[in-house]
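Here is how the chains run, residue by residue.
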Amino acid sequence: MKRLIKHGVLVDAQGEYRQDLLIENGVILERAADIQPDGETELIDASGCYVMPGGIDVHTHFNIDVGIARSCDDFFSGTRAAACGGTTTIVDHMGFGPAGCNLHHQLARYHDYAAEQAVIDYSFHGVVQHVDDAILHEMAAMVQEEGISSFKLYLTYQYKLGDHDVLRALARLKEVGALATVHPENDAAIAARRAALLAAGHHEPWYHPQSRPLQCEAEAIARMINLAGLAGNAPLYIVHLSNGLGLEYLKLARRQGQPVWVETCPQYLLLDEQCYYKENGVDFLLSPPLRGRSEQDKLWVGIAAGDIDTVATDHCNFSHAQRMTLSGGDFSRCPNGLPGVENRMLLLFAHGVLGGRISPSRFVALTSANPARLFGLWPRKGNLQLGSDADLVVMDPRGDTLISHPLLHDNGDYSPYEGMRCPGRLRLTLSRGETVARDGEFLGRRGNGRFLARAPFDPELAPDRYSPCPAVAG
């Protein structure tokens, strides 16, 4: 079956085009000003709409076991929500396995989790729990044989890595063609602050950001930058940036020629620490925590200026019922993470593009093109080139959308964006040419998603740190 999208404005990371787009056998076959259909072609009218590459969310946590709880979204419900929100590919951060396990252990487990469940295409980031000679040796096979070309290092939580192990891991990952992604928080400082707060009887959710102030995150970012430099300028990707000081450290590193990239998330752009004072304040507990509104402004400036490379979600969904049962309202005993994989594309389109902060092309760069370039998916994903997968989203700048959890498709029981009314509407999502969602209705199939073996990290494909980036269409 051929599908022909007519009368829309095609948008990629370079520009906008008044063209039709023809799909056949799941890939983009033709682009031209006026393509005429034959008798077997299904027509899709995109009048007044933008036709963009489907979103790539490179930071999700589906089916993750955090020790005290398992998140309520598995690879079916999580990717169903993603598809209904215009995301056509996810790269999931695998959770920790048993102590001492090798890198392949969690990969095999996650293949079992996702197989015959995911409704859109998917891949995984490796997770480094400890560093020894065997782990360092194993990294090459993960990249070359398994298609896992990025690995997560944690500076906090159960399997945090010390500086010596981080140095060894960074050097080896560069050697084997992998990108190091890092959760940067100073574990010792957080532990000391949390202990002092709890000793003083401060258990309420609004003490969570006080236990993890932005300096804890920014210090760890600066430390990682310096360690990456010591490891031969190893490529570095900072996940879920929440503050302007950390961004300043990253900008300084780039001016000195270091290969560093950074991600932020919608929650850090649109929610602030006042959420912790709400009756359901436990529902907003995540790490790093929500910051003040002045930090939001700094991140938006970074997005418009091209200093922030990607917007992902860090989707990690624990229901309100789970949170209250486990914590009783105590921030220190509550599983951390927010849902949001279904809302990312609309929120950034509404508040970024329609809010006048970024151009449609910059939106594509943040949500699909840059993720594809950084994580070994380019040019198959993230663009509208001929021969690329027909992963597409049709965004309508007209009308508006009310975010309400009963209308969403995850397995949770709330949305942190509940009640937000966003300008614009998400009309259609295609995954490899097949319609998976239309006007908020899920039309995909369980198990239709395919595992993506990703290419090694290629610095020549990564977003150029120094080229001008279109911010707002003029």
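Up top you'll find the structure we're talking about.
All of the points below concern the structure found in this document. (Residues numbered from 1 in each chain as written. Predicted model: local features only at pLDDT ≥ 70, side-chain atom pairs only at ≥ 80, totals over all residues. Heavy atoms only, no water.)

## Some remarks on the sheet that holds strand β5 (residues 27-32)
Strand order in the open sheet made by the four strands is β5-β4-β1-β6, with mixed pairing throughout. Because the sheet does not close on itself, it has two edges, and the strands there are β5 and β6 (41-45). Across the sheet, the mean angle separating the axes of adjacent strands is 20 degrees when strand polarity is ignored. Pairing of strand β1 (residues 2-6) with β6 involves five bridges; the strand directions are parallel. Residue pairing for β6: K2 is matched across the bridge by T41. (Pairing = 2+ DSSP bridges. Helix = DSSP H or I, 4+ residues; strand = E, 2+ residues; numbered from the N terminus. Axes fitted to C-alpha atoms, helices over the stretch in contact; angles between N-to-C directions.)

## Quick look at the packing of helix α8 (residues 244-255) against helix α10 (residues 293-305)
Remark: α8 packs on α10, axes separated minimally by 9 Å, with the N-to-C direction vectors making an angle of 30 degrees. Relative to α10, the element α8 lies roughly parallel. Here α8 contributes G244, L245 and L247 to the contact with α10, which in turn contributes E295, K298 and G302. Residues that form the contact of α8 with α10 fall into these classes: two nonpolar, two polar and two charged. (Parallel < 35°, antiparallel > 145°, perpendicular 65-115°, else oblique. Contact = heavy atoms within 4.5 Å. Nonpolar A, V, L, I, M, F, W, Y, C, P; charged D, E, K, R; others polar.)

## A word on helix α13 (residues 360-374)
Along its 15 residues, α13 runs 20 Å from first to last C-alpha, staying within 8% of the 21 Å computed at 1.5 Å per residue. Bending of α13 peaks at approximately 50 degrees at the position of L366. In terms of burial, α13 is a largely internal element, 14 of the 15 residues being buried. Within two residues after α13, G376 carries a phi angle of roughly 70 degrees, on the positive side. (Expected span 1.5 Å × (residues − 1). Bend = angle between axes of the 7 residues up to and from the residue. Buried < 20%, exposed > 50% of the residue type's maximum accessible area, 1.4 Å probe, protein only.)

## Quick look at the pattern of salt bridges
A complete count under the given rule lists 28 salt bridges for this structure. Taking the shortest distance from any N to any O, the salt bridge between D187 and K160 comes out at 3.7 Å. Here K160 lies in the loop between β11 (150-154) and α4 (163-176) and D187 lies in helix α5 (residues 187-199), a separation of 27 residues in the sequence. What makes D187 partly exposed here is its relative accessible area of 22%. Between K381 and D391 there is a salt bridge, and its shortest N-O distance comes to 2.7 Å. (Salt bridge = Lys/Arg side-chain N within 4 Å of Asp/Glu carboxyl O.)

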